[in-house]
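# Tertiary structure, described
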Amino acid sequence: MLARPRSRGVSEATVKMCSLLRGEEMCLAQLFLQSGSAYDCISELGELGLVEFRDLNPNVNSFQRKHVNEIKKCEEMERILGYLLREIKKADISLPDRDVNPVTPLPKHVITIMEQLQRLEVELGEVTRNKEKLQKNLLELTEYTHMLRITRSFVQRSAEREHLEAQYEEFPFLEKDAMMDYSSMQRLGAKLGFISGLIQRVKIEAFERMLWRVCKGYTILSYAEVEEYLEDPDTGEPMQSVVFLISYWGDQIGQKVKKICDCYHCHLYPYPSSNEERNDVVEGLRTRIQDLHTVLHRTEDYLKQVLIKASESVYTWVIQVKKMKAIYYILNQCSFDVTNKCLIAEVWCPVNDIPTLRRALEEGSRKSGATVPSFVNRLPTTDTPPTLIRTNKFTSGFQNIVDAYGVGTYREVNPAPFTIITFPFLFAVMFGDLGHGAIMFLSAAWMVLYENNRKLKNTRNEIWNTFFEGRYIILMMGLFSIYTGLIYNDCFSKSLNIFGSGWSVRAMFENNVWDSVISGNGVLTLDPNITGVFKGPYPLGIDPIWNLASNRLTFLNSYKMKMSVILGIIHMSFGVVLSTFNHLHFRKKYNLYLVFLPELLFMLCLFGYLVFMILYKWLFFTVKDSRHAPSILIQFINMFLMQSDTMQPLYPGQAGLQVFLLVIALLSVPVLLLGKPVYLYWLQNGSHRLGMYRGYERVRRNSEEELYLMRAHDMEEGSSLSDFSTSGEHNTEEFNFADEFLHQAIHTIEYCLGCVSNTASYLRLWALSLAHAQLSEVLWAMVMRIGLRMDTSLGVLFLVPVFGLFAVLTVSILLVMEGLSAFLHALRLHWVEFQNKFYSGTGVKFCPFSFSLLPSSFEHDGLL
């Protein structure tokens, strides 16, 4: 009695595992929505985000659909809301909490919201226009005040010059005084006129030249800069202005001067004819300016009150309008039945969410008070469904890495679960440093701890947003870098002697090995063949004594290069093995024998054998006979040349095994090239002519029922012909042997050559690890070591800026630049070398109708 529940639990766990590896199982469903409850039903679906709607009116213009007027109203409300948000942002008023999620307003409430927004827009527009008009009047009065104050100094200077003149000349010559002022012109009896005003500082020089050229010297221009900056009435930006006074001779010259002033957008003000008039005007201006300040202050207070009141509800209105517009957009994608009383919609929905979908439709019908409930009906389809892979905040970053290569084909194996481990590990192999990994880990841990902080989430800095969205990727990369840093025993280019070195110098002295060389040789060699020199391997990672060795780089190069080859072949072989899950799931068992098996044999017989030779040489050649160990590279080359007699073999029976593996690898190439096309050709032509036998009985496929049953049996047997159509309705899509052979030939050439190039591509793990270690060592030697070597009393003070420089260079070069380089190379290894073994990435992403996922133009413009 207990066996049945256990099997059910196991099956549920299997379904969840399949969903993680392959994405959700999708189905095409048809929604029957009553006209009165369609709005509420779609509102419920938008809150849940379960389904992706299909457009059933693709040939209908957007302006000819039923709810186009409602969408226009929503767009008008969005325009008003944008105006309100810009004014609120201009007034520097903070918006309330954004965690609210208002319910979708009913269609009858749209008019109320529209009236509120229009009334608020009119009121705000009137107040804003009054404020702008008052500000413009205040600016004009302020400019007029500056003009009167500065032009008075012009007259005073002219009077002083006239008082200091020793002689009086009846007719002064223009050659003697080119800058003749207006008092001299009056003595000539000429009819003088005055024009005064303000002009922008950048235009005064061109303005002066234009006056001289047009008026032929019949004008006198005096100007001076205004000390304070005035606000430009058009742009609102501060500008530097110049007060000018033009005295001209004759009415015609005056007309020309006025036209020139209009061309240069000068602000002209009347010039008083006497000092008494000037004083009266100044007093009047002072009084008016004070009154304007009072009125403007009250207007600004009232405007702020209106904006504060609007800011309390503007975010709610934005969400409500966005929801309404989205609902009407979906309603336009639905079609009517023959009675025009029911709306029909087609949606893609996860199979596991069908009960939730039914409950949402029932809830929508209940809210609308419909007598006839809406319901859902699953539809059979041959269309490829979209791909849905559920993620959380931890897995979403890794899934985005996979989706950047291509969205997975429906129900194929998803590389993201494996990428969670392999991607940060391969990154850490290239970035292995305990200190740098710790800094990266702590930085990402800080972002993870404060991930709910709005200031960190809602910034407009794209670079920061990129790092913040990938905080869990950085966290894992830092954690794995700490691990590989311990394996490399590398912390800021220095080794950590935690467990004590396994090498001893004492034995070399006790056995009198160095007595003859210690005096004249600067490099001493530790011989592990001498008893007591090598006590055993370091417990974790590389022995710290290698940091002092002169042949350290040679040793690490050999170690990291072989390690890169081993990791690369294991990674690629794992990708080939994952392709079996696709073959089994899509009922293509023939691919196991005709594609997977030849690929795996070709990979393992050649490059898997290379890994075997590396491990064999590590394990079976001791220190005593290491000098006589053959070169693995030469052995691998001789394997293809079949020249095993020229060198010492690596192990007994090597020549025969290498010939056998090479023959197996070569035979797998024609199987991979011809096996699948020939099998499909026979299945299409030969088996259909002879008939399909089941044991001794020949079944004739005459009826549609028999055809359906036989196809279902074929699916269970794994002999489904997915490469070509077998149903009567798809007989037009015939099998083409040439196309299939060409496709398989390209795949075979790409795979066989790719095994060589991809294996060599994994050597980037060795190259970037070497580059990172050397850059770290150079930075320590050229910066930090200089500060540590100072033994004077000022050494501590000098060490502070040196450490600051070392920290800045470490973060900018070794963490940011080198980290980005290692990230891109790890990305390439996953996209090209790993995923192309089993992942096609030609699917379409599932985009559910969800209010929370709808984009907002206000957020894009920075208004929210």
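Everything here concerns the structure above.
Here goes a summary of the coordinates provided. Here the structure is a predicted model, which is why all the values come from computation and not from measurement. (Residues numbered from 1 in each chain as written. Predicted model: local features only at pLDDT ≥ 70, side-chain atom pairs only at ≥ 80, totals over all residues. Heavy atoms only, no water.)

Turning to the pattern of salt bridges, a few remarks are in order. Following the criterion strictly, the structure yields 21 salt bridges and no others. A salt bridge links E76 to R79; its shortest N-O distance comes to 2.6 Å. Taken as a pair, E76 and R79 lie in helix α3 (residues 68–90) at a separation of three residues, close to a single helical turn. For R79, a relative accessible area of 40% corresponds to the partly exposed category. Where K90 meets E87, a salt bridge forms, and the shortest distance between an N and an O atom there is 3.7 Å. Of this pair, K90 and E87 both sit in helix α3, three residues apart, which is roughly one turn of the helix. Among the residues examined, E87 registers a relative accessible area of 12% and is labelled buried. Put simply, E24, D353 and R390 are held in one network by salt bridges that share partners. (Salt bridge = Lys/Arg side-chain N within 4 Å of Asp/Glu carboxyl O. Helix = DSSP H or I, 4+ residues; strand = E, 2+ residues; numbered from the N terminus. Buried < 20%, exposed > 50% of the residue type's maximum accessible area, 1.4 Å probe, protein only.)

Once that is clear, we can look at α3. Under the 1.5 Å per step criterion, the end-to-end length of α3 is 33 Å for 23 residues, consistent within 8% with the ideal 33 Å. Where α3 terminates, the next one or two residues include D92, which has phi positive at roughly 60°. (Expected span 1.5 Å × (residues − 1).)

As a further point, take the packing of helix α12 (residues 434–449) against helix α24 (residues 795–834). The N-to-C vectors of α12 and α24 enclose an angle of 95°; their axes lie 11 Å apart at closest approach. The angle between α12 and α24 places the two elements in the roughly perpendicular class. Listed contacts from α24 to H436, I439 and M440 of α12 are T810, L814 and L815. Its residues assigned to classes, the contact of α12 with α24 shows four nonpolar, two polar and no charged. (Axes fitted to C-alpha atoms, helices over the stretch in contact; angles between N-to-C directions. Parallel < 35°, antiparallel > 145°, perpendicular 65-115°, else oblique. Contact = heavy atoms within 4.5 Å. Nonpolar A, V, L, I, M, F, W, Y, C, P; charged D, E, K, R; others polar.)

Moving on, we come to the packing of helix α17 (residues 552–585) against helix α18 (residues 590–620). In the contact formed by α17 and α18, the axes pass within 10 Å of each other and the chain directions differ by 160°. If you check the angle between α17 and α18, you find them roughly antiparallel. Two packed elements cross with a definite hand, and for α17 against α18 that hand is left-handed. Considered class by class, the residues forming the contact of α17 with α18 number 18 nonpolar, six polar and two charged. (Left-handed = near helix turned anticlockwise from the far one by under 90°.)

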